[in-house]
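The residues making up each chain are set out below.
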Amino acid sequence: MNKTLKFSLTTAWILFSRAYDAYSTAQLTPDLSKEANPLVTVVGISSWTTLILVLGALTLYTLYVYYRQLFHPMNLLPNEKQKSFGDFVAFLYLGRSEHWSAFFYKFPNDLKRFNAYMGEWLAPCLVYAGIVSTLMWLGIHYSEWYRQMHRASFIYAILIAGCLVIGYIWNRKKYHAHLQAFS
């Protein structure tokens, strides 16, 4: 697919689905008392204005790094063959050889690398989150059965699991391309 079309469709879906999620949430909980977003429940944001500004900034950041990586990609691949998938994943993210677990507690030394990595991963996760939240809201609005079984914890489990799968598939695809380059 043409890069411009891909970026336009992805951006349109992300903006539409995030706006629909915010609109539906505002209809259900104008005072945020029933909101399950961790920015509200953990961080303590209690104002729609603040919540929209934070989520808007995160969405714009995601779209910016997605644009940069799509149209001006940074090569994240190592120059030498990595021994294992875990080593490869750590290098892809950090830009240096580390144990795979470093992915969870270290940051790249280079902000450009961090942005490039996030540009590859966050946009697909927001597309996925948009699908999940849109289906969730359609279920809440139009299905008594779904309203009875809906749980925020279940939705967050689906979102986290889905984003981990997206990340795993992307990393695995990059790893296979990396191995092919050294064959």
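So, here is what we can say about the structure in this document. The residue numbering used here restarts from 1 in each chain and proceeds along that chain's sequence as written. Reporting in this predicted model follows two pLDDT cut-offs: at least 70 for local features of residues, and 80 or more for side-chain atom pairs to be given and counted; totals over whole chains, interfaces and linings ignore these cut-offs and use all residues. Water and hydrogen atoms play no part in the side-chain values, which are based on all heavy atoms of the structure.

1. Focus on the packing of aromatic side chains
Point 1. Aromatic rings from Phe, Tyr and Trp, with only the six-membered ring used for Trp, were paired whenever their centres fell within 6.5 Å, and each pair was classed as stacked if the ring planes differed by under 30 degrees, edge-to-face if by over 60, and tilted otherwise. For the structure on display, the rule yields 17 aromatic pairs.
Point 2. Ring centres of Tyr93 and Tyr117 lie 5.1 Å apart, and the angle between their planes is 70 degrees; this geometry places the pair in the edge-to-face category. Of this pair, Tyr93 sits in helix H4 (residues 85-94) while Tyr117 sits in helix H5 (residues 111-142), placing them 24 residues apart in sequence.
Point 3. Both rings, one in Phe103 and one in Phe104, keep their centres 5.4 Å apart while their planes meet at 90 degrees; by these two values the pair is edge-to-face.
Point 4. An aromatic cluster of at least three residues, connected via ring pairs, comprises Tyr93, Trp100, Phe103, Phe104, Phe107, Phe114, Tyr117 and Trp170. The way it works is that DSSP assigns letters per residue, a run of H or I at least four long becomes a helix, a run of E at least two long becomes a strand, and they are numbered from the N terminus.

2. A look at the side chain of Asn37
Point 1. Tracing the backbone through its elements, the reader meets Asn37 in the loop between helix H1 (3-28) and helix H2 (38-41).
Point 2. Think of it in three bands: residues with accessible area under 20% of the maximum for their type are buried, residues over 50% are exposed, and the middle band is partly exposed, with areas taken using a 1.4 Å probe on protein chains only. In this structure Asn37 comes out as buried when scored by relative accessible area, which is 15%.
Point 3. Here the side chain of Asn37 touches Leu39 through a polar contact of 2.7 Å, landing on its backbone nitrogen. Each polar contact in these results corresponds to two N or O atoms within 3.5 Å; when the atoms are within protein, one needs to be able to donate a hydrogen and the other to accept it, and residues that are neighboring in sequence are counted only if both atoms are side-chain atoms.

3. As for a nonpolar patch on the surface
Point 1. Among the surface-exposed residues, Ile131, Leu135, Leu138 and Tyr142 lie close enough to one another that they form a single nonpolar patch of about 440 Å² accessible area.
Point 2. Of note, Leu138 is situated in helix H5. Candidates for patches are residues over 30% relative accessible area with no salt bridge; among them, like charges are joined within 9 Å and nonpolar side chains (Val, Leu, Ile, Met, Phe, Trp, Tyr) within 5 Å. Note on areas: Shrake-Rupley, 1.4 Å probe, and residue coverage restricted to the protein chains presented here. When a carboxyl oxygen of Asp or Glu is within 4 Å of a side-chain nitrogen of Lys or Arg, the pair counts as a salt bridge.

4. A look at the layout of surface pockets
Point 1. The volume enclosed by the largest pocket comes to roughly 1,500 Å³.
Point 2. Taken together, 42 residues form the lining of the largest pocket, with Arg18, Asn37, Leu55, Leu126 and Tyr156 sitting closest to its centre.
Point 3. Going through the elements one at a time, H1, H2, helix H3 (48-71), H5 and helix H7 (152-181) are the ones with two or more residues in the lining of the largest pocket.
Point 4. Each residue gets one label: Ala, Val, Leu, Ile, Met, Phe, Trp, Tyr, Cys and Pro are nonpolar, Asp, Glu, Lys and Arg are charged, and the others, such as Gly, are polar. Grouping the amino acids of the lining of the largest pocket by side-chain chemistry returns 30 nonpolar, eight polar and four charged.
Point 5. Using only the protein atoms, space was sampled on a 1 Å grid; points where a 1.4 Å probe fits but cannot get out form cavities, open sets with protein on both sides within 12 Å along at least five of seven lines form pockets, and lining residues are those with an atom within 4 Å of a point. Grid points are joined across faces, edges and corners, and a volume is the space filled by probe spheres set on the points. Here the second largest pocket is characterised by a volume of approximately 430 Å³.
Point 6. Residue lining of the second largest pocket: 16 residues in total, with Lys6, Tyr66, Glu120, Pro124 and Trp170 positioned closest to the centre.
Point 7. Looking at the lining of the second largest pocket, the elements that each hand over two or more residues are H1, H3, H5 and H7.
Point 8. Classifying every residue of the lining of the second largest pocket by side-chain character gives nine nonpolar, three polar and four charged.

5. A short note on H1
Point 1. Helix length check: H1, at 26 residues, gives a terminal C-alpha distance of 37 Å against a target of 38 Å (1.5 Å per residue), a fit within 8%.
Point 2. Taken as a whole, H1 has its buried residues at Phe7, Thr10, Thr11, Ile14, Ser17, Tyr20, Asp21, Ser24 and Thr25.
Point 3. Should any heavy atoms of two residues lie within 4.5 Å, those residues are counted as being in contact. At its buried positions, H1 is contacted by H3 and H5.
Point 4. Among the residues of H1, the N-terminal cap falls to Asn2, whose side-chain oxygen and the backbone nitrogen of Thr4 are separated by 2.6 Å. The length a helix should cover is 1.5 Å for every residue beyond the first.

So, to be careful, I would describe these as geometric facts and stop short of saying anything about function.
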